[in-house]
Amino acid sequence: MKQKDLVAHIDREAVEAAIAKAEAASSAEIRVHLEPSAHGREVQRLAERTFERLGMTRTALRNGVLIFLAAKEQQFAVIGDRGIHEKVGTAFWEAVAAHMVEHFRKGEMTEGLIDAVREVGERLAQHFPHAGGEDRDELSNQISVGSPPPPSS
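Some points on helix α5 (residues 109-127)
Line of reasoning, step 1. For α5, with 19 residues, the first-to-last C-alpha span of 27 Å sits near the 27 Å given by 1.5 Å per residue.
Line of reasoning, step 2. Met-109, Thr-110, Gly-112, Leu-113, Asp-115, Ala-116, Val-117, Glu-119, Val-120, Gly-121 and Leu-124 are the residues of α5 that are buried.

Below, the structure written as structure tokens:
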């Protein structure tokens, strides 16, 4: 699937609203990133690099979560910073990914992302409840979209 096709199948406003809602109950940060292609790289490693590039390792409590999709490969990764990973463990990320796959197989891209954001948000709220007036939105809730590499000469 091409990036533009993937973007066309996602209701960005609905996903971004789900992120805002999930973050309203937690002090954590959730991001969704769409990449046109992994360009032969392992999606998990590319997601980890994107996590850092988006500044997600700089949250105060190290409790950011990234949902990363590589359009061409039709692969994705869900990763959390060390603060949240220490609380939920690998099994949680695998369960979130499994629920996303169920939706994606049915062509329900938006629903899969919203469900993942909701599920992650609920768990984040348990371990990192919203801190009231002290809490601020550290990262954008907008879906970020990567750009393809320059053409090779």
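Still to come is the rest of the account.
Some remarks on the pairing of strand β2 (residues 64-70)
Line of reasoning, step 1. Most of β2 is tucked away, with seven of its seven residues classed as buried.
Line of reasoning, step 2. Judged from the seven bridges that link them, strand β1 (residues 29-35) and β2 form a sheet pairing that is parallel. The residue bridging Arg-31 from the neighbouring strand is Leu-66, located in β2.
Line of reasoning, step 3. Bridge count between β2 and strand β3 (residues 75-80): six bridges; the pairing is antiparallel. Within β3, the residue paired with Ile-67 across the bridge is Val-78.
Line of reasoning, step 4. Between β2 and β3, which follow one another and run antiparallel, lie four residues, and Gln-74 among them has a positive phi close to 55°.

Let's talk about the nonpolar core
Line of reasoning, step 1. Within the largest apolar cluster, 28 residues are counted, with the highest numbers of intra-cluster contacts made by Val-32, Ile-67 and Leu-113.
Line of reasoning, step 2. Among the elements that line this core, the one with the most residues is helix α4 (residues 82-105), at seven residues.
Line of reasoning, step 3. One finds Leu-54, Met-56, Leu-66 and Ile-79 within the second-largest nonpolar core, a separate group that totals 13 residues.

Overview of the confidence of the model for the chain
Line of reasoning, step 1. This prediction gives the chain a mean pLDDT of 86; 86% of its residues lie at or above 70.
Line of reasoning, step 2. The low-confidence segment residues 148-153 (pLDDT under 50) makes two contacts with residues lying over four places distant or belonging to another chain.

Some thoughts on the sheet that holds β3
Line of reasoning, step 1. With mixed pairing, four strands are arranged side by side in an open sheet as β3-β2-β1-β4. Among the strands making up the open sheet, the edge pair consists of β3 and β4 (144-145).
Line of reasoning, step 2. Packing of helix α2 (residues 12-24) onto the sheet brings it into contact with β1 and β4, and relative to β1 it is tilted by some 155°.
Line of reasoning, step 3. Contacting β1 and β2, α5 runs over the sheet at an angle of about 160° to β2.

Things to note about α2
Line of reasoning, step 1. End to end, α2 covers 18 Å across 13 residues, agreeing with the expected 18 Å (1.5 Å per residue, within 8%).
Line of reasoning, step 2. Taken as a whole, α2 has its buried residues at Val-15, Glu-16, Ala-18, Ile-19, Ala-22 and Glu-23. What you see down the axis of α2 is that its buried residues fit within an arc of 155°, all on one side. Residues Glu-13, Lys-21 and Ala-24 are exposed on α2 and point more than 90 degrees away from its buried face.

Some remarks on the pattern of salt bridges
Line of reasoning, step 1. Inspection of the entire model under this criterion finds three salt bridges.
Line of reasoning, step 2. With a closest N to O distance of 2.7 Å, Asp-81 and Arg-62 form a salt bridge. Here the residue Asp-81 occupies a position in the loop between β3 and α4, and Arg-62 occupies one in the loop between α3 (43-53) and β2, the gap between them amounting to 19 residues.
Line of reasoning, step 3. Arg-118 is paired through a salt bridge with Asp-115; the nearest N and O atoms lie 2.4 Å apart. On the criterion of helical spacing, the pair formed by Arg-118 and Asp-115 is a turn pair, its members being three residues apart in helix α5.
Line of reasoning, step 4. A relative accessible area of 40% means that Arg-118 is categorised as partly exposed.

Conventions and cut-offs
- Residues numbered from 1 in each chain as written.
- Predicted model: local features only at pLDDT ≥ 70, side-chain atom pairs only at ≥ 80, totals over all residues.
- Heavy atoms only, no water.
- Helix = DSSP H or I, 4+ residues; strand = E, 2+ residues; numbered from the N terminus.
- Expected span 1.5 Å × (residues − 1).
- Buried < 20%, exposed > 50% of the residue type's maximum accessible area, 1.4 Å probe, protein only.
- Pairing = 2+ DSSP bridges.
- Core = buried A, V, L, I, M, F, W, Y, C linked by side-chain atoms within 4.5 Å.
- pLDDT = per-residue confidence, 0-100.
- Contact = heavy atoms within 4.5 Å.
- Axes fitted to C-alpha atoms, helices over the stretch in contact; angles between N-to-C directions.
- Arc of directions from axis to C-beta.
- Salt bridge = Lys/Arg side-chain N within 4 Å of Asp/Glu carboxyl O.

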